[in-house]
Amino acid sequence: YEGEKRAGILGVSTFVAFGGAMILQLMAGWLTDLHWSCSFLAHFLIIIPLLLIFLFLPSIRNAEDTKEHAPKGKMSVKAWAACLLFGISTLMIAPLLVGSSLIASRLTDSAAQMSLTSICYSAGCMLGGLIFGGLFKAAGRRCMTVIYVIGALGLFGASIASSIFFLDAAIFMA
């Protein structure tokens, strides 16, 4: 896939991935309200997609068997820098979620409510995945800049949130 079609497929895969994360976070929150050690039981949900993949994923032929490939050129310094920045921002997801949970713990006692804060992050990512193809079409190379600015505004909002509603809204944006 190339161009807009690739961006659209990337957006859909992001939507599906964070949809699964939302289910996991919600289940873990509910199970934590029962007992903290029960939250780990939510990870057994992975058995469902693994079984579906095993049963229904068709065999994929190796791409080298089907067509010739031209030699690849070297990546530019700008491309390496963009990959590095993207990698660093991806590594910041865990501190974002832990930090939002710590802020949520000051605003509520319910583990289920704290899991809803994490779910708001996943819902925001799902929406981002749905609109990524259109944003890429409209903004081109600048789409990542737009995404990072929106994320930074969300992080700032989370840092000053004084209620669970505003924290959830900011984490949705982040």
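Preceding this paragraph is the structure being described.
Residues numbered from 1 in each chain as written. Predicted model: local features only at pLDDT ≥ 70, side-chain atom pairs only at ≥ 80, totals over all residues. Heavy atoms only, no water.

**Quick notes on the packing of aromatic side chains**
No. 1: Counted according to the given criterion, the structure contains 3 aromatic pairs.
No. 2: Taking 5.3 Å as the distance between ring centres and 75° as the angle between the ring planes, the aromatic pair formed by Phe165 and Phe166 counts as edge-to-face. (Phe/Tyr/Trp six-rings, centres within 6.5 Å; stacked < 30°, edge-to-face > 60°.)

**Observations regarding the packing of helix H6 (residues 111-139) against helix H7 (residues 143-160)**
No. 1: Look at H6 against H7: their axes get within 8 Å of each other, and the N-to-C directions meet at 120°. Compared by their axis directions, H6 and H7 come out oblique. Two secondary-structure elements touch here, H6 through Phe132, Leu135, Phe136 and Ala139 and H7 through Cys143, Met144, Val146 and Ile147.
No. 2: Class assignment of the residues belonging to the contact of H6 with H7 gives a composition of 8 nonpolar, no polar and no charged. (Axes fitted to C-alpha atoms, helices over the stretch in contact; angles between N-to-C directions. Helix = DSSP H or I, 4+ residues; strand = E, 2+ residues; numbered from the N terminus. Parallel < 35°, antiparallel > 145°, perpendicular 65-115°, else oblique. Contact = heavy atoms within 4.5 Å. Nonpolar A, V, L, I, M, F, W, Y, C, P; charged D, E, K, R; others polar.)

**A word on the nonpolar core**
No. 1: In this structure, Leu96, Leu97, Ile103, Ala104, Met114, Tyr121, Cys125, Ala158, Ala161, Leu167, Ala170 and Ile171 together form the largest nonpolar core, which totals 12 residues.
No. 2: Every element with two or more residues in this core is listed here: helix H5 (93-107), H6 and helix H8 (164-173).
No. 3: For this core, the element with the most residues is H5, which contributes 4 residues.
No. 4: The residues touching Cys125, leaving out its near neighbours within four places in the chain, are Thr14 and Phe18. (Core = buried A, V, L, I, M, F, W, Y, C linked by side-chain atoms within 4.5 Å. Buried < 20%, exposed > 50% of the residue type's maximum accessible area, 1.4 Å probe, protein only.)

**Considering the side chain of Ser118**
No. 1: Tracing the chain through its elements places Ser118 in helix H6.
No. 2: Apart from the residues lying within four places of it in its own chain, the contact partners of Ser118 are Gln25, Leu97 and Ser101.

**A short note on the side chain of Thr117**
No. 1: By the element assignment, Thr117 lies in helix H6.
No. 2: Its relative accessible area of 0% is what places Thr117 among the buried residues.
No. 3: Residue contacts for Thr117: discarding those within four places in its chain leaves Ser100, Ala104, Ile164, Leu167, Asp168 and Ile171.

**Structural notes on helix H1 (residues 3-34)**
No. 1: Its 32 residues give H1 an end-to-end C-alpha distance of 47 Å, which sits within 8% of 46 Å, the value for a rise of 1.5 Å per residue.
No. 2: Restricting attention to buried positions, one finds in H1 the residues Ala7, Gly11, Gly19, Gln25, Ala28, Gly29 and Leu31.
No. 3: For H1, the elements touching its buried residues are H6. (Expected span 1.5 Å × (residues − 1).)

**Quick notes on H8**
No. 1: Considered for burial, the residues of H8 that qualify are Leu167, Asp168, Ala170 and Ile171. Summarising the axial view, the buried residues of H8 lie within an arc of 165°, below the 170-degree limit, and thus occupy one face. Of the exposed residues in H8, the ones pointing more than 90 degrees away from its buried face are Phe165 and Phe166.
No. 2: On its buried face, H8 is in contact with H5, H6 and H7. (Arc of directions from axis to C-beta.)

**Re the packing of H5 against H8**
No. 1: In contact at an axis separation of 10 Å, H5 and H8 are set at 170° when each is read in the N-to-C sense. Overall, the two elements H5 and H8 adopt an arrangement that is roughly antiparallel. Residues Leu96, Ser100, Ile103, Ala104 and Leu107 of H5 lie in contact with H8, whose contacting residues are Ile164, Leu167 and Ile171.
No. 2: Each residue belonging to the contact of H5 with H8 can be placed in one class, and the counts come to 7 nonpolar, 1 polar and no charged.

Scope: geometric values only; no functional claims are made or implied.
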